[in-house]
Amino acid sequence: MTQWTLDDIPWQCFDASRVDPDLLTVIKTAALVEANAADYVTYLRNVFAADAEFVAAAEVWGVEEEQHGAALGRWAELADPGFSFARALADFRAGYRLDLQTTQSVRGSLAGELIARQIVETGTSSFYSAIRDATDEPVLKAVAGRIASDEFAHYQLFARHGRRYQQRQRLSVLTRLKIALGRVQEAEDDELGYAYFAANVLQRQPEADFRAVDYGREYQRRAMRLYRRRHTDNAVRMILRAADLSPNGWLFRLVSSLFWRLFQSRTASLAQPVR
């Protein structure tokens, strides 16, 4: 998959005058989630314990995700010299943990688990593509572009293994679609909210209470404004493929239109002050 390292990023081209403050908070948040990939590798290793081929691939995936976090964290430290990526990551890990004891997929089957993993990579691929296209800070553009390409390759990785499991378990179209859409719904879970809190609040306010503010909303409000129709259209195509449905034709047009309207409605809602 990835062939780049942190040494390939043109750090010397960083332009502080082109840093958007809201986007900076989003990058700090994303850096923590990406860097915490080891927990997901542990989960996948437990769930796919009998599949050495997939476990090996998941471990490589985890290393690449951690590199994404390191690149984003380094950029954030350039953009905000008062920010400590290492400290924020420690705060995040102290306050947010996955259940690493389970040996059963939360999706009900291994085929379902791989559909869900494709949806996650759909989200990250479109997210970093949106960042790449939204920013004119040259270093962030380079970092986001590389990560977006990696995330698409990760989507293909999970899709390839997913086809193996689908041949064995034969999930129905309805089941595949339910898993895919269910994972889309989880995009606003506590992980992103707590990552936003650890990255953007705790270092300034060590006594702050996570429960006092809807930090997930604060993150989403900043992140969703980055997207354009082309980014959501690509995401819809990837979601349909993950559900083993046609990514073109009338179904794509219908889902794309509905998805974009819902996306715009949600973005507008987030822009309104909380009452």
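Just so it is clear, the structure is predicted and the values come from calculations on it, not from any experiment. Note on numbering: residues in each chain are counted from 1, in written sequence order. Per-residue local features are limited, in this predicted model, to residues with pLDDT of at least 70; the limit for side-chain atom pairs, both in listing and counting, is 80 or more; totals at the level of whole chains, interfaces and linings are taken over all residues. With hydrogens and water excluded, all non-hydrogen atoms of the structure serve as input to the side-chain values.

J.: Whenever I open this one, the environment of Pro247 confuses me. Can you help?
T.: Secondary-structure assignment places Pro247 in the loop between α10 (229-242) and α11 (249-271). Taking the C-alpha atoms as reference points, Pro247 and Ala76, separated by 171 residues in sequence, lie 36 Å from one another. Those residues within four positions of Pro247 in sequence are excluded, and the remaining contacts are Arg237, Leu240, Arg241 and Phe252. Each helix corresponds to a stretch of at least 4 residues labelled H or I by DSSP, and each strand to a stretch of at least 2 residues labelled E; elements are numbered beginning at the N terminus. Every residue pair with non-hydrogen atoms within 4.5 Å of one another is taken to be in contact.

J.: Explain the packing of helix α1 (residues 21-35) against helix α5 (residues 110-134) here, please?
T.: Each axis is a line fitted through C-alpha atoms, taken for helices only over the stretch in contact, and angles between the N-to-C directions span 0 to 180 degrees. Contact geometry of α1 with α5 gives a least axis separation of 12 Å together with a crossing angle of 145°. The way α1 lies across α5 gives a crossing that is left-handed. Facing Leu23, Val26, Ile27, Ala30 and Glu34 of α1, the residues of α5 in contact are Thr124, Phe127, Tyr128 and Ile131. Polar here means any residue other than Ala, Val, Leu, Ile, Met, Phe, Trp, Tyr, Cys and Pro, which are nonpolar, and Asp, Glu, Lys and Arg, which are charged; Gly is therefore polar. Across the contact of α1 with α5, the residue classes tally to seven nonpolar, one polar and one charged. The handedness criterion is simple: a crossing whose near helix is rotated anticlockwise from the far helix by less than a right angle is left-handed, and one whose near helix is rotated clockwise is right-handed.

J.: What is the right way to look at the pattern of salt bridges in this model?
T.: Side chains that carry opposite charge are capable of pairing whenever their charged atoms lie near each other. Salt bridge, as used here: a side-chain nitrogen of Lys or Arg that lies within 4 Å of a carboxyl oxygen of Asp or Glu. Going through the model one piece at a time under the given rule, you end up with 15 salt bridges. Ionic pairing is found between Asp80 and Lys28, a salt bridge with its closest N-O pair at 2.8 Å. Of this pair, Asp80 sits in the loop between α3 (52-79) and α4 (85-95) while Lys28 sits in helix α1, and the two are 52 residues apart along the sequence. Here Asp133 makes a salt bridge to Arg230, at a shortest N to O gap of 3.6 Å. Of the two residues, Asp133 is situated in helix α5 and Arg230 in helix α10; the sequence distance between them amounts to 97 residues. When its relative accessible area of 33% is taken as the criterion, Asp133 is described as partly exposed. Among the charged side chains, a network of salt bridges with common partners joins Asp22, Glu218, Arg221 and Arg222. Each residue gets one of three labels from its accessible area relative to the maximum for its type: buried under 20%, exposed over 50%, partly exposed in between, using a 1.4 Å probe on protein chains only.

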